[in-house]
Amino acid sequence: MNSTSSSDSNGPKTFSVNFNQDASSLQVGCRNGYRLYELSSVDSLELVYSNGAEDSNLVERLFCSSLVAVVSLTSPRKLKVCHFKKGTEICNYSYSNTILSVKLNRSRLIVCLEESLYIHDIRNMGVLHTIRDTPPNPSGLCALSINHENCYVAYPGSSSIGEVQVFDAVNLHAKTMIHAHDSTLAALTFSSSGTRIATASEKGTVIRVFSVVDASKLYEFRRGMKRCVAISCLAFSLCGQFLSCSSNTETVHIFKLEDPHNSPRRSVEESSWMGYLTNYLPTQVTDVFTQGRAFATAYLPFCGVKNAIAIATIQHQLRLLVATESGVLYIYNIDPNEPGDAVLYKEHRLDAVPENFDKTDKGRSSSPQNIEGILGSYAGIVKGNPPGQMSGTESDKLREMAAAAESPPKGAFQFTDDQEYPPLTQISD
């Protein structure tokens, strides 16, 4: 829902905005803390937690649980994992470089640095594996499947062309390499099943969807002909039938993933003189004619501001959600059966805590209490390091933990109960 490029060309950043894995929650980070909103209604936003204690650059919530991973502006190398309902800090890790992105699902936590990725076990926060010496990835472009049965991580496989490296985060080995584009990658995201991956390049004109199983190209969509478009975000709907794309322009494109042979528009084209001509035109030209066009388009009242998007069913209606770094959430209605323009239904400001927010019922507004003396930094405790210091990942003990761990979701922690914490596992050397 949040596989975005952090290109500066998309405008100044005031807020960090991000949807959770199933677009049921919105996370907003800023210089005076972060806030979590439930998205169960389109007419009002339900603020479930507000932390005004420290600046927040990255905020990732595990579905609608109490588990939140936070990276601050003042400590960009430190990751804090908190249980916000209890107001406690479960653990923290310090890394050798700036944390550029963090991804969560019910079995893994991924931390992306410019030239490495760390794979943590969500059950005990231990480091299972480190992918080192990745191609330079200054924007922290990374995607994690939300499906724990197809638990894959994707990241750029090259810094010069649009190659996607897909890594199995459960069995800890490379899955496949996909040559997606001739130019550098700008965005990528998995479908909810984890079996498909959508990609866009820095050119921003073509969106492609590939099979994760065999790296075959399944769909190809044309976003537009305009050059120098910076893609902000790609997002599948949970049903996998729709794919949305936003950029630094004022339009958000929504594509429908249907069988080309069942598409009425394609059938007309194939039976027309255009379909006849494609048999004789060069491949580069026929590719343009055969690429799918947007099923629906949403027009934003701005351009040049980076945003995060999601497609979700809220109150029995398919909606397009657009959260901007200027602090506004736009909600559009989508008719899944009729192509055309998406209709703006509602907009919400994200820059203030409602006066009627009940902190006692919804969450604590104070900063998380540090309980590292009890839970500490898990990998650090394993290595005997001081709390908060990152341990190495080559430890034989950690490898034994990874090998002995049951495959998710067996024993996986859902963090739906206030009393539920990851177990602390101490292993003596």
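Residues numbered from 1 in each chain as written. Predicted model: local features only at pLDDT ≥ 70, side-chain atom pairs only at ≥ 80, totals over all residues. Heavy atoms only, no water.

Asks: Looking at this structure, how should I read the overall build of the protein chain?
Replies: A tally of regular secondary structure across the protein chain gives six helices and 31 strands. Classification of the 429 residues of the protein chain by burial places 55% in the buried group. Partitioning the contacts of the protein chain with sequence separation of at least 6, the portion at a separation of at least 24 is 50%. Carbon and sulfur atoms form 47% of the exposed surface of the protein chain, whose accessible area is close to 18,000 Å². (Helix = DSSP H or I, 4+ residues; strand = E, 2+ residues; numbered from the N terminus. Buried < 20%, exposed > 50% of the residue type's maximum accessible area, 1.4 Å probe, protein only. Contact = heavy atoms within 4.5 Å. Areas by Shrake-Rupley, 256 points an atom, 1.4 Å probe, with all protein chains shown as cover.)

Asks: Teacher, can you tell me more about the sheet that holds strand E13 (residues 127-132) here?
Replies: By way of backbone hydrogen bonds, the strands of a sheet pair with one another, either parallel or antiparallel. With antiparallel pairing, four strands are arranged side by side in an open sheet as E10-E11-E12-E13. The outermost strands of the open sheet, each flanked by one partner alone, are strand E10 (101-104) and E13. Strand-to-strand twist across the sheet, computed as the mean angle between neighbouring axes with direction ignored, equals 15°. Here strand E11 (residues 108-112) runs beside strand E12 (residues 116-121); their pairing, made up of five bridges, is antiparallel. Paired with Ile110 across the bridge in E12 is Ile119. (Pairing = 2+ DSSP bridges. Axes fitted to C-alpha atoms, helices over the stretch in contact; angles between N-to-C directions.)

Asks: Honestly, the state of the cysteines in this entry has me stumped. Any pointers?
Replies: Disulfide: a covalent bond formed between the sulfur atoms of two cysteine residues. Inspection of every chain in the model, using the stated rule, returns zero disulfides. Lacking any disulfide linkage, Cys233 is separated from the closest cysteine sulfur, that of Cys245, by 8.5 Å. For Cys233, a relative accessible area of 0% corresponds to the buried category. (Disulfide = S-S within 2.5 Å.)

Asks: Please clarify how the side chain of Gln165 should be interpreted in this entry.
Replies: Tracing the backbone shows Gln165 in strand E16 (residues 162-168). Look at Gln165 and you get buried, because its relative accessible area is 12%. Here Thr176 takes part through its backbone oxygen, which lies 3.2 Å from a polar atom of the side chain of Gln165. When sequence neighbours within four positions are dropped, the list of residues in contact with Gln165 reads Val153, Ala154, Tyr155, Gly157, Ala174, Lys175, Thr176 and Met177. (Polar contact = N/O pair within 3.5 Å; in protein donor to acceptor, adjacent residues only side chain to side chain.)

Asks: I tried to follow the nonpolar core on my own but got confused; where do I start?
Replies: One broad trend across soluble globular proteins is that nonpolar side chains are buried collectively. Judged by nonpolar contacts, the single largest core of 23 residues is most densely connected at Leu79, Ile99 and Leu109. At the level of elements, strand E7 (67-71), strand E8 (78-83), strand E9 (88-94), E10 and E11 are the ones that each hand at least two residues to this core. Apart from the residues lying within four places of it in its own chain, the contact partners of Leu79 are Ala69, Val70, Val71, Cys91, Asn92, Tyr93, Tyr95, Ile99, Val102, Leu109 and Val111. (Core = buried A, V, L, I, M, F, W, Y, C linked by side-chain atoms within 4.5 Å.)

Asks: I would appreciate a short explanation of the pattern of salt bridges in the present structure.
Replies: Pairing is possible between side chains that carry opposite charge, provided their charged atoms lie close to one another. Within this structure, the stated rule accounts for seven salt bridges. Close ionic contact of Glu54 with Lys80 constitutes a salt bridge, the shortest N to O distance being 3.5 Å. Taken as a pair, Glu54 in the loop between strand E5 (46-51) and strand E6 (58-61) and Lys80 in strand E8 lie far apart in primary sequence, 26 residues in all. Between Arg208 and Glu220 there is a salt bridge, with the nearest N and O atoms lying 2.4 Å from each other. On the criterion of sequence distance, the pair formed by Arg208 in strand E20 (residues 206-211) and Glu220 in strand E21 (residues 217-222) is long-range, its members being twelve residues apart. (Salt bridge = Lys/Arg side-chain N within 4 Å of Asp/Glu carboxyl O.)

Asks: Just to check I follow, could you spell out the sheet that holds strand E26 (residues 307-314) for this structure?
Replies: Read across the open sheet, the four strands follow the order E26-E27-E28-E30; overall the sheet is antiparallel. Only two strands of the sheet have a single partner each, and these edge strands are E26 and strand E30 (343-349). Within this sheet the neighbouring strands show an average axis-to-axis angle of 20°, counted without direction.

Asks: What's the story with the packing of aromatic side chains in this structure? I'm lost.
Replies: With the rule as written, the count across this model stands at eight aromatic pairs. Between Tyr93 and Tyr95, the aromatic rings sit 6.3 Å apart at their centres with planes inclined by 40°, giving tilted as the arrangement. Classification of Tyr93 as buried rests on a relative accessible area of 1%. Here the aromatic rings of Phe221 and Phe255 are separated by 4.7 Å at their centres, their planes lie at 25°, and the arrangement is stacked. Pair noted here: Phe221 is in strand E21 and Phe255 is in strand E24 (residues 251-256), with a separation of 34 residues, a long-range link. According to the relative accessible area criterion, Phe255 is buried, its value standing at 0%. Chaining the aromatic ring pairs together yields one cluster made of Tyr34, Tyr49 and Phe84. (Phe/Tyr/Trp six-rings, centres within 6.5 Å; stacked < 30°, edge-to-face > 60°.)

Asks: How do you make sense of the pairing of strand E18 (residues 185-190) when you look at a structure like this?
Replies: Consecutive side chains along a regular strand alternate between the two faces of the sheet. Burial of E18 is extensive: six of the six residues sit out of reach of the surface. Sheet analysis places E18 next to strand E19 (residues 196-201), joined by five bridges and oriented antiparallel. Paired with Ala187 across the two strands is Ala200, which belongs to E19. Linkage of E18 to E19, two consecutive antiparallel strands, is achieved through a turn of five residues, within which Gly194 is found at a positive phi near 80°.

Asks: What am I meant to see in the environment of Ser246 here?
Replies: Tracing the backbone through its elements, the reader meets Ser246 in strand E23 (residues 242-247). Between the C-alpha atom of Ser246 and that of Val322, which follows or precedes it by 76 residues, the distance is 8.8 Å. Excluding anything up to four places from it in sequence, Ser246 contacts Ile231, Ser232, Cys233, Thr251, Val252, Asn307 and Ile309.

Asks: I'm lost on the environment of Leu257 in this one. Help?
Replies: With respect to the element layout, Leu257 can be found in the loop between E24 and helix H1 (264-271). Looking at Leu257, the relative accessible area reads 9%, which means it is buried. Excluding residues that lie within four positions of it along the chain, Leu257 makes contacts with Arg196, Val209, Tyr219, Phe221, Phe236, Gly240, Gln241, Phe242 and Leu243.

That is the geometry; function is a separate question.
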